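Per-entry structural report
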Amino acid sequence: MEKNNLEKLENLMWKKYKKQISFQQLQKEFLKNDDERIEYIKTELEKAYNEKNGHSVDILISAIYMFELYSEKFVDILCKLTKEEWHGKHEDIVFYLQQLELPSTIDCIYELAISNFEKYRWDDNFALVRKCCYALGDINTPKAKEKLELLLQSDEEMIRKHAMEQLTRCDFTNKDVE
């Protein structure tokens, strides 16, 4: 692929989604290797963040999942994106951070849990907060436990319930290494 632009990436991902091309064909047509893909997506995420371009964020987060790119190199930009309400990928981002299980993401995840973005206020089950609680539980460090205990102080019963689920499920014996 000579010109690696977002539109071409989106078209390739749609072809893969529709089973018009294989995963191997997708990989072959979009950059040479995962390191190049990570750098390209990270750079484009930074650009999308600066431009507040939610559509680009949608494509790029989907690409991270489609290419199965699990890298700490995305953490900084993803944590910046968790603080912004103009895109719709908060749940996907927290799920990604949950899979990385990095103590360095605890504050980012906690801040997202207490963000109270307008678009999530309708959800009286607090699905985003629940995902944040699961992420903190999977990180399983004393600091993650502290953040869950802070969530126990919420005025919302469901938030307290989600935090307690993780406090009960986990032993919080992983080391707090950032």
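Everything below is about the structure printed above this text.
What you see is a predicted model; the values in this text were computed from it and never measured.

1. What about the nonpolar core?
Counting 57 residues, the largest nonpolar core has Leu-9, Ile-41, Leu-45, Phe-74 and Leu-151 as its most contacted members. At seven residues, the largest contribution of residues to this core is made by helix 8 (residues 127-139). Other than its neighbours up to four places away in sequence, Leu-45 contacts Val-57, Leu-60, Ile-61, Ile-64, Phe-74, Ile-77, Leu-78 and Leu-81.

2. Topic: the pattern of salt bridges
Within the structure shown, the criterion is met by 11 salt bridges. Between Lys-147 and Asp-107 there is a salt bridge; the shortest N-O distance is 3.3 Å. Of the two residues, Lys-147 is situated in helix 9 (residues 142-151) and Asp-107 in helix 7 (residues 106-113); the sequence distance between them amounts to 40 residues. Owing to a relative accessible area of 16%, Lys-147 belongs among the buried residues under this scheme. What you see here is one network of salt bridges that share partners, running through Asp-107, Lys-143 and Lys-147.

3. Examining the layout of surface pockets
The computed volume of the largest pocket comes to approximately 310 Å³. Residue lining of the largest pocket: 17 residues in total, with Ala-113, Asn-116, Phe-126, Val-129 and Ile-159 positioned closest to the centre. If you tally residues by element for the lining of the largest pocket, the top one is helix 8, at three residues. Of the residues belonging to the lining of the largest pocket, the class tally is 11 nonpolar, three polar and three charged. Of all the secondary structure elements, the ones that give two or more residues to the lining of the second largest pocket are helix 1 (6-17) and helix 4 (54-66).

4. Side note on the side chain of Thr-105
With respect to the helices and strands, the residue Thr-105 is situated in the loop between helix 6 (90-100) and helix 7. The class of Thr-105 is buried, set by a relative accessible area of 0%. One polar contact links the side chain of Thr-105 to the main-chain carbonyl oxygen of Leu-102, over a distance of 2.7 Å. Those residues in contact with Thr-105, other than ones at most four positions away along the chain, are Val-75, Leu-97 and Ile-139.

Definitions and cut-offs
- Within each chain, residue numbers correspond to sequence positions counted from 1 in written order.
- Local features are withheld for residues below a pLDDT of 70 in this predicted model, meaning they are given only at 70 or higher, and side-chain atom pairs are given and counted only at 80 or more; totals for whole chains, interfaces and linings count all residues.
- Water and hydrogen atoms play no part in the side-chain values, which are based on all heavy atoms of the structure.
- To qualify as a nonpolar core, a set must consist of buried Ala, Val, Leu, Ile, Met, Phe, Trp, Tyr and Cys residues joined through side-chain atoms within 4.5 Å.
- Under the scheme applied here, a residue whose accessible area is under 20% of the maximum for its type counts as buried, over 50% as exposed, and between as partly exposed, the area being computed with a 1.4 Å probe on protein chains only.
- Helix and strand assignments come from DSSP, with helices taken as H or I runs of at least 4 residues and strands as E runs of at least 2, each series counted from the N terminus.
- The contact rule is simple, with two residues in contact once any of their heavy atoms fall within 4.5 Å.
- Whenever a carboxyl oxygen of Asp or Glu lies within 4 Å of a side-chain nitrogen of Lys or Arg, that contact is scored as a salt bridge.
- Detection works on a 1 Å grid of protein atoms alone, calling trapped sets that fit a 1.4 Å probe cavities and calling open sets with protein on both sides within 12 Å along at least five of seven lines pockets, with lining residues defined by an atom within 4 Å of a point.
- Grid points are joined across faces, edges and corners, and a volume is the space filled by probe spheres set on the points.
- Each residue receives one of three labels: charged for Asp, Glu, Lys and Arg, nonpolar for Ala, Val, Leu, Ile, Met, Phe, Trp, Tyr, Cys and Pro, and polar for the others, Gly being one of them.
- Definition of a polar contact: a pair of N or O atoms within 3.5 Å, with one able to donate and the other able to accept a hydrogen when the atoms are protein atoms, and with sequence-neighbouring residues admitted only if both atoms are side-chain atoms.

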